[in-house]
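# Overview (structure and organization)
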Amino acid sequence: MNVVEWAISIMSSMGGFGVMLLLLLECVFPPIPSEVILPLAGVTAGTGEHSFWVLLIWSVIGSTLGAYILYGLGRILGPERTRVLFIKLPLINVEDYEKTNTWVDKHGMQGVFFGRFIPGIRSLISIPAGMFAMKLPMFTLLTALGSAIWNSIFLAFGYFLGTQWHVIEPYTDIFSKVCYVLVILVVLYFFVKLVRRERRRKSLGLPDPDDAVK
């Protein structure tokens, strides 16, 4: 039995609670894709087996609870441990930590909300929110709203297209792959930028910013 067949069996036997459980697991175990789970759930709503709105509520609960797990990991790590980690990492220094902290203060809410629409970022965005101690009520609201929009779109695909929802599956797959490629390119861009910065610092004989805080 593959992951999709297992997900179908969970939803068939547990209904909305099963959808909630699968989306909770998706946040910490990416091989369970919401792009497949939600349309399948929508198909059952379209046949009258389950209510669309009940499944949507269950799905948002699952997405939010899963986000809590990663948010909690971020909170356990905390700002101080994160700062120490930044100092120890190669190519990254304490100034990068300060810039990241400032960015989260200014744009963290938008990041959590819009991050829910980006495969590969959707779950991980919860970790920095926890690291930099975003207020839990605000994190919950932004996560639930973003998840409600994302989940309703894919539930609607299954609901209106029925068993023919597979006609849009190639397009959702392409969208996911494009997002992953863009994320990788962004990571590579910053990696190259950091390497060049470090080489320039050494060529100019400048001190390592981390030395001042060790």
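As the structure is a computational prediction, the values presented were derived from the model and not from experiment. (Residues numbered from 1 in each chain as written. Predicted model: local features only at pLDDT ≥ 70, side-chain atom pairs only at ≥ 80, totals over all residues. Heavy atoms only, no water.)

## Details of the pattern of salt bridges
Our working rule: Salt bridge criterion: a side-chain nitrogen from Lys or Arg within 4 Å of a carboxyl oxygen from Asp or Glu. Note on conventions: DSSP H or I runs of at least 4 residues are helices, E runs of at least 2 residues are strands, and numbering of each starts at the N terminus. Buried means the residue's accessible area, taken with a 1.4 Å probe over protein chains only, is under 20% of the maximum for its type, while exposed means over 50%, and partly exposed covers the values in between.
With the rule as written, the count across this model stands at 1 salt bridge. For Arg122, the salt bridge identified is with Glu26, shortest N-O distance 2.8 Å. Here Arg122 is found in the loop between helix H4 (94-115) and helix H5 (126-131), whereas its partner Glu26 is found in helix H1 (residues 3-28), with 96 residues between them in sequence. Accessibility expressed as a relative area gives 6% for Arg122, which makes it buried. Residue Glu26 is classed as buried on the basis of its relative accessible area of 8%.

## Some remarks on the confidence of the model for the protein chain
The line we're drawing: Residue-level confidence of the predictor is what pLDDT reports, using numbers from 0 through 100.
Here the protein chain shows a mean pLDDT of 81. Residues at 70 or above account for 86%. At the level of individual helices and strands, the protein chain shows its lowest average pLDDT in helix H7 (residues 169-203), which scores 75, and its highest in helix H6 (residues 136-161), which scores 91.

## Points about H4
Heads up, the rule is: A helix is expected to reach a length of 1.5 Å times the quantity of its residues less one.
Over its 22 residues, H4 runs only 25 Å from end to end, short of the ideal 32 Å by more than 12%, given 1.5 Å per residue. Among all positions of H4, only Val94, Asp96, Tyr97, Asn101, Val104, Gly108, Gly111, Val112, Phe113 and Gly115 are buried.

## Topic: the nonpolar core
Basically, it comes down to this: Take the buried residues of types Ala, Val, Leu, Ile, Met, Phe, Trp, Tyr and Cys, join any two whose side-chain atoms come within 4.5 Å, and each joined set is a nonpolar core.
The biggest cluster of nonpolar side chains holds 30 residues, and the ones touching the most others in it are Met11, Val112, Phe139 and Leu155. Counting only elements with at least two residues in this core, the list comes to H1, helix H2 (34-46), helix H3 (52-88), H4 and H6. Residues Phe86, Tyr97, Val104 and Phe132 belong to the second largest nonpolar core, which totals 5 residues.

## Quick word on the packing of H3 against H6
Note the following rule: Fitted lines through C-alpha atoms serve as axes, helices being fitted only where they are in contact, and the angles separating the N-to-C directions of these axes extend from 0 to 180 degrees. Note that the term roughly parallel is reserved for angles under 35 degrees, roughly antiparallel for angles over 145, roughly perpendicular for angles of 65 to 115, and oblique for everything else. Take the far helix as the reference: if the near one is turned anticlockwise from it by less than a right angle, the crossing is left-handed, and if turned clockwise, right-handed. Note on contacts: a residue pair is in contact if any heavy atoms of the two residues lie within 4.5 Å.
Where H3 contacts H6, the two axes come as close as 8 Å, and the packing angle between them is 135°. Relative to H6, the element H3 lies oblique. Every pair of crossing elements has a handedness; the one defined by H3 and H6 is right-handed. Residues Phe52, Leu55, Leu56, Ser59, Val60, Ser63, Thr64, Ala67, Tyr68 and Tyr71 of H3 form the contact with H6, whose own contacting residues are Leu136, Phe139, Thr140, Thr143, Ala144, Ser147, Ala148, Asn151, Ser152, Leu155, Ala156 and Tyr159.

## Re the environment of Gly74
With respect to the helices, strands and loops of the structure, Gly74 is situated in helix H3. Counting along the chain gives 50 residues from Gly74 to Leu124, while the straight-line C-alpha distance between them is 10.0 Å. In contact with Gly74, not counting residues within four places along its chain, are Ile127, Gly130 and Met131.

## Considering a nonpolar patch on the surface
Applied cut-off: Put simply, a patch holds well-exposed residues, over 30% relative accessible area, that have no salt bridge, with like charges counted together within 9 Å and Val, Leu, Ile, Met, Phe, Trp or Tyr side chains within 5 Å. For the accessible areas, the method is Shrake-Rupley and the probe is 1.4 Å, while residue cover comes only from the protein chains on display.
Taken together, the side chains of Ile174, Val178, Val181, Leu182, Ile184, Leu185 and Leu188 present a nonpolar region at the surface, about 640 Å² in accessible area. Of note, Val178 is situated in helix H7. On the basis of relative accessible area, Val178 is assigned to the partly exposed category, the value being 43%.

## Considerations on the side chain of Thr143
So the rule is basically this: In the analysis that follows, any N or O atom pair within 3.5 Å is treated as a polar contact, provided that within protein one partner can donate a hydrogen and the other can accept it, and provided that, for residues neighboring in sequence, both atoms belong to side chains.
Within the element layout of this structure, Thr143 appears in helix H6. Side-chain polar atoms of Thr143 contact the backbone oxygen of Phe139, separated by 2.8 Å.

## Let's talk about unusual backbone geometry
Of note, Ala133 is a non-glycine position whose phi angle comes to about 55°, a positive value. Within the element layout of this structure, Ala133 appears in the loop between H5 and H6.

## Comments concerning the UniProt feature "transmembrane region" (unreviewed entry) in the protein chain
Stated precisely, the cut-off is as follows: UniProt positions are given in the numbering used here, feature names are shortened, and annotations may be inferred rather than shown by experiment.
UniProt records the feature "transmembrane region" (unreviewed entry) for residues 7-32, 52-73, 139-162 and 174-192 in the present numbering. As annotated, residues 139-162 has a helix share of 96% and a strand share of 0%, and its two end C-alpha atoms lie 34 Å apart.

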